[in-house]
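Structure assessment
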Amino acid sequence: MPRANPTPLRIVIGITGGIAAYKAVSVIRALVLAGHHVDVIATEAALRFVGAPTLEAISRNPLHTSLYDGVAEVRHVSLGQRADVIGIVPATADTLARMTAGIANDLLTNTVLATTSPVVVAPAMHTEMWQHAATQHNVATLRERGVAFVGPDSGQLTGDDSGPGRLADPDVIAAEIIAAGMRARSEDDETATAGQRVAQDLAGVRILVTAGGTREPLDPVRFLGNRSSGKQGVAVASRAVSRGAEVTLIAANLEVDVPEGINCVRVERATEMADACHARAAGTDVIVMAAAVADYRPAQQVPGKIKKSDAGESLTLELVQNPDILRELVTERNERGAQGEQCIVGFAAETEPDDAARLAIARAKIARKGCDFLVCNRVDEALGFGQDQNTVDVLDLRGEVRASASADKMSVADTILDVVVAQRANAR
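Just so it is clear, the structure is predicted and the values come from calculations on it, not from any experiment. (Residues numbered from 1 in each chain as written. Predicted model: local features only at pLDDT ≥ 70, side-chain atom pairs only at ≥ 80, totals over all residues. Heavy atoms only, no water.)

Some points on the overall build of the chain
The helix and strand tally for the chain stands at 15 helices and 19 strands. The burial tally for the chain puts 54% of its 428 residues in the buried class. A separation of at least 24 residues holds for 70% of the contacts in the chain among residues at least 6 apart in sequence. Approximately 19000 Å² of the chain is accessible, and the part contributed by carbon and sulfur atoms is 48%. (Helix = DSSP H or I, 4+ residues; strand = E, 2+ residues; numbered from the N terminus. Buried < 20%, exposed > 50% of the residue type's maximum accessible area, 1.4 Å probe, protein only. Contact = heavy atoms within 4.5 Å. Areas by Shrake-Rupley, 256 points an atom, 1.4 Å probe, with all protein chains shown as cover.)

Digging into the environment of Ala 114
Tracing the sequence through the fold places Ala 114 in helix 5 (residues 107-114). For Ala 114 and Gly 80, which are 34 residues apart along the polypeptide, the C-alpha to C-alpha distance reads 5.8 Å.

A short note on the pattern of salt bridges
When charged atoms on two side chains of opposite charge get close, those side chains can pair. For the structure on display, the rule yields 16 salt bridges. The partner of Asp 201 in a salt bridge is Arg 243, with the nearest N and O atoms 2.8 Å apart. Taken together, the residues span a long stretch of sequence, with Asp 201 in the loop between helix 9 (192-198) and strand 8 (206-212) and Arg 243 in the loop between helix 10 (231-242) and strand 11 (246-252) at a distance of 42 residues. Its salt-bridge partner being Arg 398, residue Glu 400 comes within 3.5 Å of it at the nearest N-O pair. For Glu 400, a relative accessible area of 41% gives the class partly exposed. Within the structure, one salt-bridge network assembled from shared partners comprises Glu 176, Asp 201, Arg 239, Arg 243, Asp 414 and Asp 418. (Salt bridge = Lys/Arg side-chain N within 4 Å of Asp/Glu carboxyl O.)

Topic: helix 14 (residues 355-369)
Under the 1.5 Å per step criterion, the end-to-end length of helix 14 is 21 Å for 15 residues, consistent within 8% with the ideal 21 Å. Listing the buried residues of helix 14 in full gives Arg 358, Leu 359, Ala 362, Lys 365, Ile 366 and Lys 369. What you see down the axis of helix 14 is that its buried residues fit within an arc of 120°, all on one side. Residues of helix 14 that are exposed and point over 90 degrees away from its buried face: Ala 356, Ala 367 and Arg 368. Its buried side turned inward, helix 14 meets helix 13 (325-336), strand 16 (343-350), strand 17 (373-378), strand 18 (389-396) and strand 19 (401-408). Of the residues flanking the start of helix 14, the one acting as N-cap is Asp 354, its side-chain oxygen 3.3 Å from the backbone nitrogen of Ala 356. Gly 370 sits one or two positions beyond helix 14 and adopts a positive phi of about 80°. (Expected span 1.5 Å × (residues − 1). Arc of directions from axis to C-beta. Polar contact = N/O pair within 3.5 Å; in protein donor to acceptor, adjacent residues only side chain to side chain.)

Digging into the nonpolar core
Formed by 39 residues in total, the largest nonpolar core has its most connected members in Leu 202, Ile 207, Val 209, Val 247, Leu 249, Val 345 and Ile 416. If one sorts the elements of this core by residue count, helix 15 (residues 409-427) sits on top with eight residues. Contact partners of Val 345, with chain neighbours within four places excluded, come to Ile 287, Val 288, Met 289, Phe 373, Val 375, Ile 416 and Val 420. Within the second largest apolar cluster, 35 residues are counted, among which are Ala 24, Leu 31, Ala 148 and Ile 173. (Core = buried A, V, L, I, M, F, W, Y, C linked by side-chain atoms within 4.5 Å.)

Looking at the pairing of strand 19
Bridging between strand 18 and strand 19 involves seven bridges; their strand directions are antiparallel. Each residue of the ladder has a partner; that of Val 392, found in strand 19, is Ala 405. The antiparallel pairing of strand 18 with strand 19 creates a hairpin that spans four residues between the two strands, and Gly 399 there sits at a positive phi of about 90°. (Pairing = 2+ DSSP bridges.)

Description of the sheet that holds strand 1 (residues 10-15)
Note on sheets: strands pair through backbone hydrogen bonds, and any given pair is parallel or antiparallel. The parallel open sheet is built from five strands, whose spatial order is 2-1-3-4-5. Of all strands in the sheet, those bounded by a partner on one side alone are strand 2 (37-42) and strand 5 (148-149). Two strands pair when backbone bridges link them, and strand 1 and strand 3 (residues 85-91) are joined in this way by four bridges, in the parallel orientation. Counted as the bridge partner of Gly 14 is Ile 88 from strand 3.

Some points on the pairing of strand 1
Summarising burial for strand 1: five of the six residues are buried, a large majority. Examined bridge by bridge, strand 1 and strand 2 share six bridges and lie parallel to one another. Its bridge partner lying in strand 2, Ile 15 is registered against Ala 42. A crossover links strand 1 with its parallel partner strand 2, the connecting element being helix 1 (residues 24-33), and its sense is right-handed. (Right-handed = clockwise from strand over helix to strand, strands pointing away.)

Some remarks on the environment of Ala 134
Inspection of the secondary structure assignment puts Ala 134 in helix 7 (residues 133-144). By relative accessible area, which is 40% here, Ala 134 ends up partly exposed. Placed 38 residues apart in sequence, Ala 134 and Leu 96 show a C-alpha to C-alpha distance of 9.9 Å.

Remarks on the UniProt feature "binding site: CTP" (unreviewed entry) in the chain
In the numbering used here, UniProt assigns the feature "binding site: CTP" (unreviewed entry) to Asp 295, Lys 305, Pro 323, Asp 324, Ile 325, Leu 326, Phe 347, Lys 365 and Lys 369. Looking at the secondary structure, you find Asp 324 in the loop between strand 15 (319-321) and helix 13. Of note, Ile 325 is situated in helix 13. By relative accessible area, Ile 325 is classed as buried at 3%. Those residues in contact with Ile 325, other than ones at most four positions away along the chain, are Ala 270, Met 273, Ala 274, Cys 277, Met 289 and Val 293. (UniProt positions renumbered as here; feature names shortened; annotations may be inferred.)

Overview of the packing of helix 1 against helix 2 (residues 52-59)
Interaxial distance between helix 1 and helix 2 falls to 9 Å at its minimum, and their mutual angle equals 20°. Between helix 1 and helix 2, the angle falls in the class roughly parallel. The way helix 1 lies across helix 2 gives a crossing that is right-handed. Contact residues: helix 1 offers Val 25, Ile 28, Arg 29 and Val 32, while helix 2 offers Thr 54, Leu 55, Ile 58 and Ser 59. Of the residues assigned to the contact of helix 1 with helix 2, the class counts are five nonpolar, two polar and one charged. (Axes fitted to C-alpha atoms, helices over the stretch in contact; angles between N-to-C directions. Parallel < 35°, antiparallel > 145°, perpendicular 65-115°, else oblique. Left-handed = near helix turned anticlockwise from the far one by under 90°. Nonpolar A, V, L, I, M, F, W, Y, C, P; charged D, E, K, R; others polar.)

Section: the sheet that holds strand 16
The eight strands are arranged 12-11-8-13-16-17-18-19 in an open sheet whose pairing can be described as mixed. The sheet is open, and its two borders are formed by strand 12 (263-267) and strand 19, each paired with just one other strand. For this sheet the average axis-to-axis angle between neighbouring strands, irrespective of direction, equals 15°. Bridging between strand 11 and strand 12 involves five bridges; their strand directions are parallel. Along strand 12, the bridge assignment pairs Ile 250 with Val 265.

Have a look at this one:
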């Protein structure tokens, strides 16, 4: 769940008539608990799936439904004008079509048409509807206009159907909405419209992201692994897509779903991740190595299950080093003479509790690796791995801290991407 913010956003959540409308309640709850003001607009169809008393109780504000309510205060315009960000959860195929055409025949579409604030859309529909050429055309058009998309995910749909079209996780949607609103309000943005432009500042950029934790097999049933869930890497990939990038995600044993719009390559071992990265690195503009890659692997995989009766009281394993993928990618880039053209970001998960000592470790690591930036975060059994929050420092090659963040992983992802965008702008 997103962390409470000392400067609350004014958020409008639009709910449209899809079966996933009930999940919008969880999104609203997360936003309210994070300390933000939420106005809810429900279409007539939405109220067939979720009741007005529920929406008013969860949002702690009166529900807005009719285009003809609050005429004296010009509510069909004022809600959008006052909003820092608008989220539509879920967005049906019909809603996307009407937004694309600029149709404003209810309170929600009027509000969207009247706003200059960021709009974040979370689609949900059957796979055939999502993949239809008309819907995909509408999505592409709305992206070009600066509308940000969260999902849809792939998974179980209504009935026995399964595939792309499932509403994204409510906490992920809430985090995306907050991130969009905070960027629009930031001191660097002169207007909310500038905030919309920020959302597409990676348009056309090709980004390779790694995520998850590699597993090195000991025998057919056991492996050496780590606690990484892949949440931070998937968040980077998701935010990059929302900001216009073409993203390939090399994923090792994820515990989270991969949003639609990301080309996902599944791997298990460190050597497989290395091969996948080397095969694609030369064709990318940015590489973000967020995966937790095992430093060592067993010297050999035992063909059958290791039994206690055979091993005895103790078991000795011989381990050999895995390839240093980050360092190899930097070397390959430099040999191509692509310094300044390709930005490479590494990650360092450290257990050192002292901030100064942890930064010293990170500085030594980036000096060895030679990447452009290193994201250093503290981890232990209760921090970092598998959690929804993260605390990071982003260091440059000189060892200077270029950015810091302590927030939900979607917001942290934006912090990392902001550093990359600034570096690419300076390199032009």
